[in-house]
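# Coordinate inspection notes
As a plain string of letters, each chain reads:
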Amino acid sequence: MATKKAKTTEGAISFADKLRTLRYEMKKNKVSYAMVAPYFILFFLFTVLPVLMSIILSFTSFNVLEMPEFVGWKNYIKLFLEDDIFIVSLKNTIIFAAITGPISYMLCLLFAWIINEYKGKVRAFLTLIFYAPSICGNAYVVWNLILTGDRYGYLNGLLLKYEFINEAILWLKTEKFILPVLIIVQLWLSLGTGFLAFIAGLQTIDKSLYEAAAIDGVKNRWQELWFVTLPAMKPQLMFGAVMQITQSFAVADVSIYLAGNPSVNYAGATVVTHLIDYGSTRFEMGYASAIATILFLLMVGTNKLVQRVLRRVGE
Amino acid sequence: MRRREIIDYSDRRWVPWWMRTKQKQLNRSKAGNGLLFLLMFVCGIFMALPLVMIINNTLKPLDELFQYPPKIFVKNPTLENFTDLFVLMNDTWVPFSRYIINTIIITVGGMVGHVIIASLASYPLAKHKFPGRNILFSMVVLSMMFTWQVTQIPQYLIISWLNINNTYLALILPSWAFGMGLYLMKQFMEQLPDSLMESAKIDGAGEFRVFWTIVMPNVKPAWLTLAIFQFQQMWGNTGGTFLRDEELKPLQYALQQIVQGGAARAGAGAAVTFIIAAVPITFFLICQSNIMETMTTSGMKE
């Protein structure tokens, strides 16, 4: 009994102490807070507050015009128990992210690494070419030419000419082709944010590390990549992973443009196309917010997992 | 182990550029170089498709634009799409230069402000140990995972509440608080060796001075990259629901209005697509070439 009591008072003292040291620490770091303040004031106003409001809205029924009405967990229950299309779109999104996420992450890294071998104008030109799909606005329009469903579509034309197929395939209107086609287009689009961050990251690696590694017995570029380059750019790798997760889970524009919304038998439906359907078409913002919250949790979970894996790079 | 000599030809003017690139690298086999070049070439053709198509489309006369089945390459190149566009530009209700000025204000304001504010905040997050920094940082990372489509309405409410609706600030201020920029800058600043800042502080430099004269020059590739992202983001902004007055609308909006004039404007539309892509590409190339320049001249890292 006595020891227990002693422990609690001890705890209380250390808590008061903690508060005091915290205040001291905060005072000591005044300058840090001053530097952080301009960004974070705006960040709270324009990002944190809207996100919190959306999460609160997910527990309401809200049609934008009338005041939101509290409905508890109803939106979430409806999502998982009644909304079959949500389950389909969730499944599509997970398949989509599981394939495009890792592959396009690798592609970003691979191409950034190869481009880093070149110098000067060649390098700038190559960077531009590979970043082109991301900088040209909605560049995926090009794929319409390739995938047109009649025999004038480039892909159909090619396959017919060499007699792989007997009649033109409706690439974007056939259920089993929609998801694979979207995955390929998304991979083509994927050299974006992460790619440029890797290019910049590779530039900041000290050249003398490579010389030292060559003397230490690194024999070829692949060993150099694993033992020197990757560990030296870990912060960029983590950044790239987060960007990749946000992109591959949130895919929607490409699907809506190429396959339509709703797509044939919902084969191209993703969580965000479903959200757009409810948010912008039916104005059920409460329900749309619930979808966003679920997607958010999914991304946070994936991010935790990925960051754990990345910490091991080069070890 | 076979030692390879490090021959740096890069300083000798008489060596052609392709020699310089090859001799400078350690641990590179010819076969590997060839293989990677082949890979780059094949993939490069696919990646360059949108660029090739946009350029060819702007040069196509109307009949070729409507040709079915469509062809990628132009047969009789002409510049009449641009003259069409210029005629339409002179025809707008608000003088066209007004749209251009609006876009410059929004794009430059959004970009410069964001790069400075986000960098300023990421320096202490990366290098100072103060209470709350982990919470602040993880909030930024988490915020990027929330779908923006649903936060738009709350954001609109906040902007109306601040009474900055229908001003440039309605576009510029939220853009300063984008999460990605802070995350990117923090990751790069984390890599700077502490000794770099310490020596400046011993010499009596304050934190702001250290930030501006030591930290920022050393993460130049990072903020140039961030500038590219932010430029692209702001350039693509049409003003949406935030700008109601015609005199405040950006170029992007005006150009889209021109394209929406129907099939007769397909030629001008192709020219618009070209201009919309060409400006960020120019900016991209300027930034990219500067990224390289800095890093060849400084070897500041440990």
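Source: prediction; values computed, not measured. (Residues numbered from 1 in each chain as written. Chains lettered and ligands numbered in written order. Predicted model: local features only at pLDDT ≥ 70, side-chain atom pairs only at ≥ 80, totals over all residues.)

### Some remarks on the overall build of chain B
Stated precisely, the cut-off is as follows: Per the convention used, a helix needs a DSSP run of H or I reaching at least four residues, while a strand needs a run of E reaching at least two, with both numbered from the N terminus. Put plainly, a residue is buried at 20 or more neighbouring C-beta atoms within 10 Å of its own, exposed at 12 or fewer, and partly exposed in between, counting only other residues' C-beta atoms, which are placed from the backbone. Residue pairs are scored as contacts if the distance between their C-beta atoms, which are placed from the backbone, is within 7 Å.
Scanning chain B from N- to C-terminus turns up 15 helices and 0 strands. Burial analysis of chain B (302 residues in total) assigns 38% to the buried set. Excluding contacts between residues fewer than 6 apart, the proportion of contacts in chain B whose partners are at least 24 apart in sequence is 70%.

### What about the overall build of chain A?
Quick note on the threshold: In this setup the radius of gyration rests on C-alpha atoms only. A globule is expected at 2.2 Å times the number of residues raised to 0.38.
From N to C terminus, chain A includes 15 helices and 2 strands. Computed over the C-alpha atoms, the radius of gyration of chain A is 26 Å, more than 25% above the 20 Å expected from 2.2 N^0.38 for a compact globule of 315 residues. C-alpha extents for chain A along the principal axes are approximately 90 × 70 × 40 Å. Going through the 315 residues of chain A one by one, you find that 42% of them count as buried. Long-range pairs, those at least 24 residues apart, make up 67% of the contacts in chain A between residues at least 6 apart in sequence.

### Concerning the interface of chain B and chain A
Worth spelling out the cut-off: Side-chain classes follow a simple rule in which Ala, Val, Leu, Ile, Met, Phe, Trp, Tyr, Cys and Pro form the nonpolar group, Asp, Glu, Lys and Arg form the charged group, and the remainder, Gly included, forms the polar group.
Each side of the interface is counted separately: chain B has 86 residues, and chain A has 82 residues. If you tally residues by element for the side of chain B that touches chain A, the top one is helix 15 (residues 266-297) of chain B, at 11 residues. For the side of chain B that touches chain A, a count of residues per class yields 58 nonpolar, 21 polar and 7 charged.

### Some words on the domain arrangement of chain A
What counts, and what does not: Residue ranges assigned to each domain were obtained from an automatic or database domain assignment.
Annotation of chain A at the domain level lists domain 1 (1-57) and domain 2 (81-310). The straight-line distance from the C-alpha centre of domain 1 of chain A to that of domain 2 of chain A is 38 Å.

### Thoughts on the environment of threonine 58 of chain B
Residues and elements named next belong to chain B. With respect to the helices and strands, the residue threonine 58 is situated in helix 3 (residues 49-59). The spacing of threonine 58 and isoleucine 104 is 46 residues in sequence and 24 Å in space, taken between C-alpha atoms. Once residues within four sequence positions are removed from consideration, threonine 58 is found in contact with Asn81, Ala270, Ala271 and Phe274.

### Some remarks on the confidence of the model for chain A
The cut-off we apply is this: Every residue gets a pLDDT, meaning the predictor's confidence in that residue, from 0 to 100.
Scored by pLDDT, chain A has a mean of 84; 95% of the residues are at 70 or more. Low pLDDT, under 50, characterises residues 1-6 of chain A; the stretch is placed with 0 contacts to residues that sit more than four places away or in other chains.

### Points about the confidence of the model for chain B
Residues and elements named next belong to chain B. Looking at chain B, the pLDDT average stands at 82 and 87% of residues meet or exceed 70. Confidence scores differ between elements of chain B, with helix 1 (residues 17-24) showing the lowest mean pLDDT of 48 and helix 10 (residues 179-190) the highest of 93. For the stretch residues 296-302, pLDDT sits under 50, and the model shows 9 contacts to residues farther than four places along the chain or on other chains. Of the two predicted TM-score estimates for the complex, the pTM is 0.85 and the ipTM is 0.86.

### Focus on the packing of helix 2 (residues 30-57) of chain A against helix 7 (residues 133-143) of chain B
Packed helices, taken two at a time, are described by the angle their axes make and the gap between the axes. To be explicit about the condition: Lines fitted to the C-alpha atoms define the axes, with helices restricted to the stretch that makes contact. Angles between their N-to-C directions range from 0 to 180 degrees. If an angle is under 35 degrees, it is roughly parallel; if it is over 145, roughly antiparallel; if it lies from 65 to 115, roughly perpendicular; otherwise it is oblique. Left-handed describes a crossing whose near helix is turned anticlockwise from the far helix through less than a right angle; right-handed describes the clockwise counterpart.
Viewed as axis vectors pointing N to C, helix 2 of chain A and helix 7 of chain B meet at an angle of 45°, and their least axial separation amounts to 11 Å. When the interaxial angle is binned, helix 2 of chain A and helix 7 of chain B end up oblique. Helix 2 of chain A and helix 7 of chain B meet at a crossing whose hand is left-handed. Touching Val36, Phe40, Phe43, Thr47, Val48 and Val51 of chain A of helix 2 of chain A are Leu136, Met139, Val140 and Ser143 of chain B, all from helix 7 of chain B. When its residues are assigned to classes, the contact of helix 2 of chain A with helix 7 of chain B shows 8 nonpolar, 2 polar and no charged.

### What to know about the domain arrangement of chain B
Residues and elements named next belong to chain B. Partitioning chain B into structural domains gives domain 1 (48-78) and domain 2 (89-296). Those elements that place two or more of their residues in the side of domain 1 that touches domain 2 are helix 3 and helix 4 (62-65). Per-element tally for the side of domain 1 that touches domain 2: the top contributor is helix 3, with 3 residues.

### What about the environment of methionine 299 of chain A?
Relative to the helices and strands, methionine 299 of chain A resides in helix 15 (residues 285-310). Excluding residues within four positions of it along the chain, methionine 299 of chain A makes contact with Ile245, Thr246 and Phe249 of chain A together with Met145 of chain B.

### Things to note about unusual backbone geometry
Unusually for a residue other than glycine, asparagine 163 of chain B sits at a positive phi of about 65°. Within the secondary structure, asparagine 163 of chain B sits in the loop between helix 8 (148-161) and helix 9 (169-176).

### Digging into the nonpolar core
For the record, the criterion: Definition of nonpolar core: a set of buried Ala, Val, Leu, Ile, Met, Phe, Trp, Tyr and Cys residues joined via C-beta atoms within 7 Å.
Counting residues in hydrophobic clusters, the biggest one holds 150 residues, and the most contacted among them are Tyr39, Phe195 and Ile291 of chain A together with Ala121 and Met185 of chain B. Sort the elements by how many residues they give to this core and helix 6 (residues 96-127) of chain B lands first, with 11 residues. Apart from the residues lying within four places of it in its own chain, the contact partners of tyrosine 39 of chain A are Ile117, Ala118, Leu120, Ala121, Ala177 and Leu182 of chain B.

### With respect to the environment of lysine 60 of chain B
Residue and element names in this part refer to chain B. By secondary structure assignment, the location of lysine 60 is in the loop between helix 3 and helix 4. With 24 C-beta atoms packed within 10 Å, lysine 60 lands in the buried category. Along the backbone, lysine 60 and aspartate 203 are 143 residues apart, and their C-alpha atoms lie at a distance of 63 Å. For lysine 60, the contacting residues outside a window of four places in its chain are Leu65, Val74 and Ala270.

### Examining the packing of helix 12 (residues 234-249) of chain A against helix 15 of chain A
All names here are of chain A. One can describe the packing of helix 12 onto helix 15 by two numbers: an axis separation of 10 Å at closest approach and a directional angle of 150°. Between helix 12 and helix 15, the interaxial angle falls into the category roughly antiparallel. In the packing of helix 12 onto helix 15, the handedness of the crossing is right-handed. Where helix 12 abuts helix 15, its residues Leu237, Met238, Ala241, Val242, Ile245, Thr246 and Phe249 lie against Leu295, Leu298, Met299, Thr302, Asn303, Val306, Gln307 and Leu310. Its residues assigned to classes, the contact of helix 12 with helix 15 shows 11 nonpolar, 4 polar and no charged.

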